[in-house]
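Letter by letter, the chains look like this.
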Amino acid sequence: MKNTVTKTQVTHVAQLASLTITEQEAEHLVGAFDETLAVIDNLSQLSLNETEPTSQVTGLENITRADEVLTDNMFSQQEALANAKRSYDGYFVVDRIIDND
Amino acid sequence: MTNQLCSLTLAQTLNKLQKKEIQMSEIVQSVLDSIKKQDSTIHAFLTQNEGLLGDVKAREKLPLAGLPIAVKDNICTKGLRTTASSLVLDKFLPQYTATIVEKVCQAGATIIGKTNLDAWAHGSSTETSQYGRTLNPRNTGHLPGGSSGGSAAAVAADMSIVAIGTETAGSIRQPAAWCGVVGLKPTYGRVSRYGVIAMASSTDSPGPIAKTVQDAAMMLNYLAGQDLHDPTTSPQAVPDFTQSLGKSIKGLKVGLLYQDIEGMEIVKSHIDTAAKVLTELGAKVEPTQALSPQYAISVYTIVQRGEVSSNLARYDGIRFGNDRTFFGDEAKRRIMLGTYTLSKGYADKYYLTAQKARTLFIQDYQKLFEKYDCLISATSPSFAKKIGVTENAAMFGELEDMLLEPSSITGLPGISVPCYKDPQTNLFIGLNIIAPMWREDRVIQIADAFEKATDWNTWKETK
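Because the structure is predicted, anything quoted here is derived from the model rather than measured.

A. Layout of the overall build of chain B. Helix and strand content of chain B: 14 helices and eleven strands. Taken along the three principal axes of its C-alpha coordinates, chain B extends 65 × 60 × 45 Å. In chain B, buried positions account for 69% of the 463 residues. For chain B, restricting intrachain contacts to residue pairs at least 6 apart in sequence, the fraction spanning at least 24 positions comes to 76%. Here chain B displays about 15,400 Å² of accessible surface, and carbon together with sulfur accounts for 50% of that area. Of note, chain B has its 48 positive side-chain charges centred 2 Å away from the centre of its 46 negative side-chain charges.

What follows is the structure in structure tokens.
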């Protein structure tokens, strides 16, 4: 079965990803999604029932370091705020996301 | 720019410095002149380091003596604008420096400037850069490849002695092949990612782009090693990679891959010729089969889009950068596809399946490496493509990097060395050499032997 997406799905995904897209972009993205889904569909040809997934390739586990403060990668408050567009009294300023009531 | 100081290799530069035949300030001036003369056309650099001359002076007593290098613009440099070629980070001045840059600077290198890339390193052309594409200095009607296209172009045009790039799937090797230079992608975990703007965290591998295999080996010595700030770096001992130079490849078993798959017509005969060169050098080369790279495209696409959607979620315009309306089309497309394949109801179908198929590739290569010391193939199925070809091609990069994706998703080390130049177009083909995990020494050994036995390297005969 061919995998395709609808414009509604694409718009929903944009919302999930916190992206604003225009109607025209949504239409265009349906085509891009379908093109990509058609390519990646070939994995269904592989028999993978007995295969374990790989999420990382080096096999390293439980990598820890001494429980010491690393001062070389600490920011001062001023440094931390240096790239923020809006700051106030040493804080980052963010938009309200919870309604008043 | 032949016969000027900027056309020296790293090894030649250090040699001449040691003999006191030249001073680093002369090299720096020559490189700056080269940039001034060419970069308004090539557009390899996004930002130049205004403090360069002071940095050179301060580091002249160190091993690299102030050596000017170009750094891909997805690598953080304290106080020096770092954009990842995206308007989201248009005015971003990092508060810290990536480990790899710190390491080379402590050894005496200086940053000339930051090089162009596909925005967020998403692509294989530099055409998705929100600051405009880079042109291939070998033929300006063509693309340099990508995503490290600016770094490869800078080296190819003698606008930098060496450069640092990053590869997720082909982003060092493919632009190196298209620009006719050497690109080395280390084993995943060999080189620190701390301070590299994260794209696909499970495959991102920084590495050198250089004029010769020797230069790449020398640079890898500085870049490699475990980093306290990146727990995915390996505690594996780091050998002196220059020890692999000049070694015979007699008796090494080499598997030749992908010559019979569809789309190889343009490069096939040149790769066969390269295989013959290795045979003449004493290696035992034979064609062999691996899992189809068509599946690697799918694994990579799903894993990469998923990791991108997660990594790029941090750009909210609060702590740094502009808000999410500044993302370009390609980034939006990738974030959204990753969001889709990771969303409820689809994660098993796509993401888990891709991770399982990734295991198949690892097993497939393990089996191949029981039989062969290394594997070779073309780096790219084509010469550098013409400017503009990526428009409306959602899968351009993945299809271009098809031959490199298997070694990327499996974390293997690889190198691309020039193995043909078309006399009409002046464009190159690269030979890709891969070896088992942690065996960069072996890819360097074979690439160096190949480079010395052939005339494709532009810098080989100079001085």
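Right, picking up where we left off after that structure.
B. A look at the overall build of chain A. A count of helical and extended segments in chain A gives three helices and two strands. Here the C-alpha atoms of chain A give a radius of gyration of 23 Å, more than 25% beyond the 13 Å that 2.2 N^0.38 yields for 101 residues. Projected onto its principal axes, the C-alpha positions of chain A cover 55 × 45 × 30 Å. Counting contacts in chain A only where the partners sit at least 6 residues apart, residues at least 24 apart contribute 28% of the total. For chain A, the computed accessible surface area is about 7,700 Å², with 48% contributed by carbon and sulfur atoms. When the 6 positive and 17 negative side-chain charges of chain A are each reduced to one mean point, those points stand 9 Å apart.

C. Region of interest: the nonpolar core. Residues and elements named next belong to chain B. Core analysis: the biggest nonpolar cluster contains 169 residues, and W120, Y365 and I433 have the highest contact counts within it. A per-element tally of this core places helix α11 (residues 348–371) first, with nine residues. Residues within four places of W120 in sequence aside, it is in contact with A84, S86, V88, L89, I197, M199, L312, Y315, F327 and A331.

D. Inspection of the environment of Q445(B) at higher detail. All names here are of chain B. For Q445, the location among the structural elements is in helix α14 (residues 440–453). What makes Q445 buried here is its relative accessible area of 11%. In the structure, Q445 is positioned 203 residues away from T242 in sequence and 8.9 Å away in space, judged by C-alpha atoms. Sequence-distant contacts of Q445, defined by excluding residues within four places in its chain, comprise S244, K247, S248, I249 and L252. In this structure the side chain of Q445 is engaged in a polar contact, spanning 2.7 Å, whose partner is the backbone oxygen of S248.

E. Quick peek at the packing of aromatic side chains. All chains considered together, the criterion is met by 13 aromatic pairs over all chains. The side chain of R81(B) reaches across the aromatic face of Y131(B), ending 5.3 Å from its centre.

F. Fine view of the packing of helix α1 (residues 10–18) of chain B against helix α7 (residues 213–223) of chain B. All names here are of chain B. As a packed pair, α1 and α7 sit with axes 8 Å apart at the nearest point and diverge in direction by 75 degrees. The orientation of α1 with respect to α7, classified from their angle, is roughly perpendicular. Facing L10, A11 and L14 of α1, the residues of α7 in contact are Q214, D215, M218 and M219. Among the residues making up the contact of α1 with α7, the classes are represented as five nonpolar, one polar and one charged.

G. Examining the sheet that holds strand β5 (residues 182–185) of chain B more closely. Residues and elements named next belong to chain B. With mixed pairing, eleven strands are arranged side by side in an open sheet as β1-β3-β2-β4-β6-β5-β10-β11-β9-β7-β8. Two strands in the sheet have a free side with no partner beyond their single neighbour: β1 (45–48) and β8 (284–287). Taking the axes of each pair of neighbouring strands and ignoring which way they run, one obtains an average angle of 25 degrees across the sheet. Bridge count for strand β2 (residues 68–72) against strand β3 (residues 110–115) is five bridges, and the pairing is parallel. By the bridge assignment, K72 is partnered in β3 with T115. Packed onto the sheet, α11 meets β7 (253–256), β8, β9 (374–378) and β11 (428–434) and runs at close to 115 degrees relative to β9.

H. Structural context of the packing of helix α8 (residues 268–280) of chain B against α14(B). Residue and element names in this part refer to chain B. The N-to-C vectors of α8 and α14 enclose an angle of 100 degrees; their axes lie 10 Å apart at closest approach. Here α8 is positioned roughly perpendicular relative to α14, judged by the angle of their axes. On α14, the residues that touch A274, V277 and L278 of α8 are I446, F450 and A453. A per-class count over the contact of α8 with α14 returns six nonpolar, no polar and no charged.

I. Representation of the interface of chain A and chain B within the structure. Taken together, the contact between chain A and chain B spans 49 residues of the former and 63 residues of the latter. The junction of chain A with chain B conceals about 4,800 Å² of combined surface from both sides, 67% of it contributed by carbon and sulfur atoms. Where chain A meets chain B, there are two salt bridges. Note that E79(A) and K78(B) form a salt bridge whose closest N and O atoms lie 3.9 Å from each other. At the junction of chain A with chain B, the criterion picks out 18 residue pairs in polar contact (both at pLDDT 80 or more). Elements with a minimum of two residues in the side of chain A that touches chain B: α1 (7–16), α2 (23–40) and α3 (77–81) of chain A. The leading source of residues in the side of chain A that touches chain B is α2(A), at ten residues. Of the residues contributing to the side of chain A that touches chain B, the split by class is 28 nonpolar, 14 polar and seven charged.

J. View of α7(B). Residue and element names in this part refer to chain B. Across the eleven residues of α7, eight count as buried, placing the element largely inside the fold. By the burial criterion, the buried members of α7 are V213, D215, A216, A217, M218, M219, L220 and L223. Directly beyond the C-terminal end of α7, a positive phi value near 125 degrees is found at G225.

K. Up close: the state of the cysteines. Residue and element names in this part refer to chain B. A full pass over the atoms with the stated rule returns zero disulfides over all chains. With no disulfide of its own, C76 lies 14 Å from the sulfur of C105, the closest cysteine sulfur. With a relative accessible area of 4%, C76 lands in the buried category.

Rules used throughout
- Residues numbered from 1 in each chain as written.
- Chains lettered and ligands numbered in written order.
- Predicted model: local features only at pLDDT ≥ 70, side-chain atom pairs only at ≥ 80, totals over all residues.
- Heavy atoms only, no water.
- Helix = DSSP H or I, 4+ residues; strand = E, 2+ residues; numbered from the N terminus.
- Buried < 20%, exposed > 50% of the residue type's maximum accessible area, 1.4 Å probe, protein only.
- Contact = heavy atoms within 4.5 Å.
- Areas by Shrake-Rupley, 256 points an atom, 1.4 Å probe, with all protein chains shown as cover.
- Lys, Arg positive; Asp, Glu negative; His and termini not counted.
- Charge placed at Lys NZ, Arg CZ, Asp CG, Glu CD.
- Rg over C-alpha atoms; globule rule 2.2 N^0.38 Å.
- Core = buried A, V, L, I, M, F, W, Y, C linked by side-chain atoms within 4.5 Å.
- Polar contact = N/O pair within 3.5 Å; in protein donor to acceptor, adjacent residues only side chain to side chain.
- Phe/Tyr/Trp six-rings, centres within 6.5 Å; stacked < 30°, edge-to-face > 60°.
- Lys NZ or Arg CZ within 6 Å of the ring centre and 35° of its normal.
- Axes fitted to C-alpha atoms, helices over the stretch in contact; angles between N-to-C directions.
- Parallel < 35°, antiparallel > 145°, perpendicular 65-115°, else oblique.
- Nonpolar A, V, L, I, M, F, W, Y, C, P; charged D, E, K, R; others polar.
- Pairing = 2+ DSSP bridges.
- Buried area = accessible area lost by both parts, 1.4 Å probe.
- Salt bridge = Lys/Arg side-chain N within 4 Å of Asp/Glu carboxyl O.
- Disulfide = S-S within 2.5 Å.

Don't take any of this as a statement about function, it's just geometry.
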